[in-house]
Each structure stands twice: as C-alpha cells, then as structure tokens.
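Commentary on secondary and tertiary structure
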Amino acid sequence: MQNYKIAASILNADFAKLGAEVTSVIEAGADMIHFDVMDNHYVPNLTVGPIVCSALKKYGIKAPIDVHLMTKPVDNLILDFAKAGADYITIHPEASEHIDRSLQLIRDAGLKAGLAFNPATPLDYLEFLWDKLDLILLMSVNPGFGGQKFIKSVLPKVSAVRKLIDSHKKSNILLEVDGGVKLDNIDLIAKAGADTFVIGSAIFQSRDSHKVTLNKFQKILAST
Ligand code: DX5
Ligand code: ZN
C-alpha cells in the first residue's frame, strides 16, 4: 500500500480545548497536525500564531506540525514558527517577495519547506525550486475558511504535479491536497496522485468520534 498521510486541520476544532482535541485526533490515527495561519490580509480570516503552536508542543504534542502560512509577508513568521516547534512550513508564492529566500529560510531553520498553490495559481513557480521543496500543497478551495466545497478542477492539477514529481525524480516530496476533502472524494484525490490529505471539518464536525472517522478514511485509502 502507498504511504498515505492524514494531516488533521485544527481550523474546525474546538479552540477552547485545543490540546485535548489535538491529542484525540492523533490518538485516533492522524499522522500530523495541519496548522492554518490566517492574517486577515492575505486571506479574509484571522486565526492563530506561533504562541498557540508552542503551547501545543508544551502540552506534549509530539506529532509533526504542518504550518500553512496564509499570511503576507511570511519571513518573520517563518522564524517565529521555527522557534515555536513547527516541523513543516508551507508558504504561498503570492505572499513572498522572494520565494527562493523564504524557502531557504525554512530549510536553514532545520524545517521542511512547502509551497502552496491556490486553485488558480499556475504551476510555473515550481520550475526552479525542485531542490528547495519537501512538500507541494495544492489548494482545492480558495484559502481562508474551513468547510468549503472541493473544487473538482484541481484533480487534473494533482495528476500534473504527480507527473512532474516523477519526471524530476523527487518522490521524497509530499503532495498534499487541502480543502473539502471528504469520505466521498478522498479516493479520487488519491487516485489523481496525492499522498497527503488535509482533513478539517470532515473530522471535527463529524457526528462520529475522531477514531471512527479516521478509521473510515484509512479504510478507503487502504483499498485505493
Ligand atoms: C483553508 C485551509 C484548510 C481548511 C481545511 O484555507 O487551508 O486547511 O481548514 O478544512 P476543510 O477540510 O473543512 O476544507
Ligand atoms: Zn490549510
């Protein structure tokens, strides 16, 4: 079986008991925590910053923290999140004046570097960055909110990036899809070539327990 990973997005978790929510979702089988950072400037919403990331680490969360920066600018926050214990930091190319420098900042801090593409952002940015990336994130909603509908036209884009990863012999790069991932579409997204799935509302707003929900996702992935 392919090595699939589930990154649970905390955006729809109960922030009043975040430590317990994150512990529960990791115990239920999520591989990492997807930490959405929004600044009410690059995207029209405001969430949490490095203080909350370091609080989760101090609380005892050992699972990798996959920070998705939807902020402009990014460079200072890269340094702050590195200090706060992040493992991955993903930036949007539109949000950095010097993408190569921002990605190098992430790597120099000893973290894994990701580049995120909005649904309408072309893939050209990848051309000179293959040696700087540990993760490529394809947004399947426009960034800013949890609980949005999956944009189907992203599926061919997922396949296109998988082909590029293969042709550049970069199978170590994670291909992550973010937004609207549900029980009824994760198989299609996996078949298109994704290996890492951000799942927010489908976990945290489900009537089932985290364990039951994660088991359902894993079962589908195991048979894909
Ligand atoms: C949207 C965020 C996503 C979102 C995913 O801007 O980047 O990570 O929280 O949540 P769902 O799974 O509800 O679409
Ligand atoms: Zn995200």
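Conventions we followed
- Residues numbered from 1 in each chain as written.
- Chains lettered and ligands numbered in written order.
- Predicted model: local features only at pLDDT ≥ 70, side-chain atom pairs only at ≥ 80, totals over all residues.
- Heavy atoms only, no water.
- Helix = DSSP H or I, 4+ residues; strand = E, 2+ residues; numbered from the N terminus.
- Polar contact = N/O pair within 3.5 Å; in protein donor to acceptor, adjacent residues only side chain to side chain.
- Contact = heavy atoms within 4.5 Å.
- Near = heavy atom within 4 Å.
- Areas by Shrake-Rupley, 256 points an atom, 1.4 Å probe, with all protein chains shown as cover.
- Buried < 20%, exposed > 50% of the residue type's maximum accessible area, 1.4 Å probe, protein only.
- Pairing = 2+ DSSP bridges.
- Donors = N, O, S within 2.8 Å, 3.2 Å for Na, K, Ca; no water.
- Tetrahedral: all angles 85-135°; square planar, octahedral: opposite > 155°, others 65-115°.
- Phe/Tyr/Trp six-rings, centres within 6.5 Å; stacked < 30°, edge-to-face > 60°.
- Right-handed = clockwise from strand over helix to strand, strands pointing away.
- Expected span 1.5 Å × (residues − 1).
- Arc of directions from axis to C-beta.

**What about the side chain of Asn-118?**
- Along the chain, the position of Asn-118 falls in the loop between strand S5 (112–117) and strand S6 (135–139).
- Reaching out from Asn-118, the side chain makes a polar contact with the side chain of His-92 at a distance of 3.3 Å.
- If we skip the residues at most four places from it in the chain, Asn-118 touches Tyr-42, His-92, Glu-94, Met-139, Pro-143 and Lys-157.

**Structural notes on the site of ligand 1**
- Taken together, 21 residues surround ligand 1, and among them Asp-36, Gly-147, Asp-178, Gly-180 and Ser-201 come closest.
- The backbone of Gly-144 places a nitrogen or oxygen atom 2.8 Å from an oxygen atom of ligand 1.
- A distance of 2.6 Å separates an oxygen atom of ligand 1 from a polar atom in the side chain of Ser-201.
- A total of 380 Å² of accessible area belongs to ligand 1 in isolation, and the protein chains cover 100% of it.

**What about the pairing of strand S2 (residues 32–38)?**
- Burial runs high along S2: seven of the seven residues are buried.
- Of the two faces of S2, the one carrying Met-32, His-34, Asp-36 and Met-38 and the one carrying Ile-33, Phe-35 and Val-37 are both buried.
- As paired strands, strand S1 (residues 5–9) and S2 are joined by three bridges and run parallel to one another. Directly across from Ser-9, in S2, lies its bridge partner His-34.

**Observations concerning the coordination of the zinc ion (ligand 2)**
- Distances from the zinc ion (ligand 2) to its protein donors, His-34 (NE2), Asp-36 (OD), His-68 (ND1) and Asp-178 (OD), fall at 2.1 to 2.3 Å.
- In this structure, the zinc ion (ligand 2) is surrounded by six donor atoms whose angles at the metal cover 70 to 173°, and the resulting shape is octahedral.
- In primary sequence terms, the donor set of the zinc ion (ligand 2) follows H-x1-D-x31-H-x109-D. With His-34 in strand S2 and His-68 in strand S3 (residues 65–70), this pair connects stretches of sequence that are 34 residues apart. As far as the burial class goes, His-34 and His-68 line up, both buried.

**Overview of the packing of aromatic side chains**
- Following the criterion strictly, the structure yields two aromatic pairs and no others.
- Between the aromatic rings of Tyr-4 and Phe-197, the centroid separation amounts to 5.7 Å while the plane-to-plane angle is 55°, which identifies the pairing as tilted. Of the two residues, Tyr-4 sits in the segment before S1 while Phe-197 sits in strand S8 (residues 196–199), which places them 193 residues apart along the sequence.
- Taking relative accessible area as the criterion, Tyr-4 reaches 12% and is therefore assigned buried.
- Overall, Phe-197 belongs to the buried group, its relative accessible area being 0%.
- Ring centres of Phe-35 and Phe-81 lie 5.8 Å apart, and the angle between their planes is 70°; this geometry places the pair in the edge-to-face category. Of this pair, Phe-35 sits in strand S2 while Phe-81 sits in helix H3 (residues 75–83); the two residues are 46 residues apart in sequence, bridging distant segments of the chain. With respect to class, Phe-35 is no different from Phe-81; both count as buried.

**With respect to the pairing of S3**
- Most of S3 is tucked away, with six of its six residues classed as buried.
- Going residue by residue along S3, you find Ile-65, Val-67 and Leu-69 tucked away on one face and Asp-66, His-68 and Met-70 tucked away on the opposite face as well.
- Sheet analysis places S2 next to S3, joined by six bridges and oriented parallel. Looking across to S3, one finds that His-34 is bridged to Asp-66.
- Taking the sense of rotation as the criterion, the β-α-β connection linking S2, helix H2 (residues 50–59) and S3 turns out right-handed.

**With respect to helix H5 (residues 154–167)**
- Under the 1.5 Å per step criterion, the end-to-end length of H5 is 20 Å for 14 residues, consistent within 8% with the ideal 20 Å.
- Within H5, the full set of buried residues consists of Val-154, Leu-155, Lys-157, Val-158, Val-161, Arg-162 and Ile-165. End-on, the buried residues of H5 take up no more than an arc of 155°, which puts them together on one face. Summarising the geometry of H5, the exposed residues directed more than 90 degrees from the buried face are Pro-156 and Lys-163.

From the geometry alone we can't say anything about function, so treat these as descriptive.
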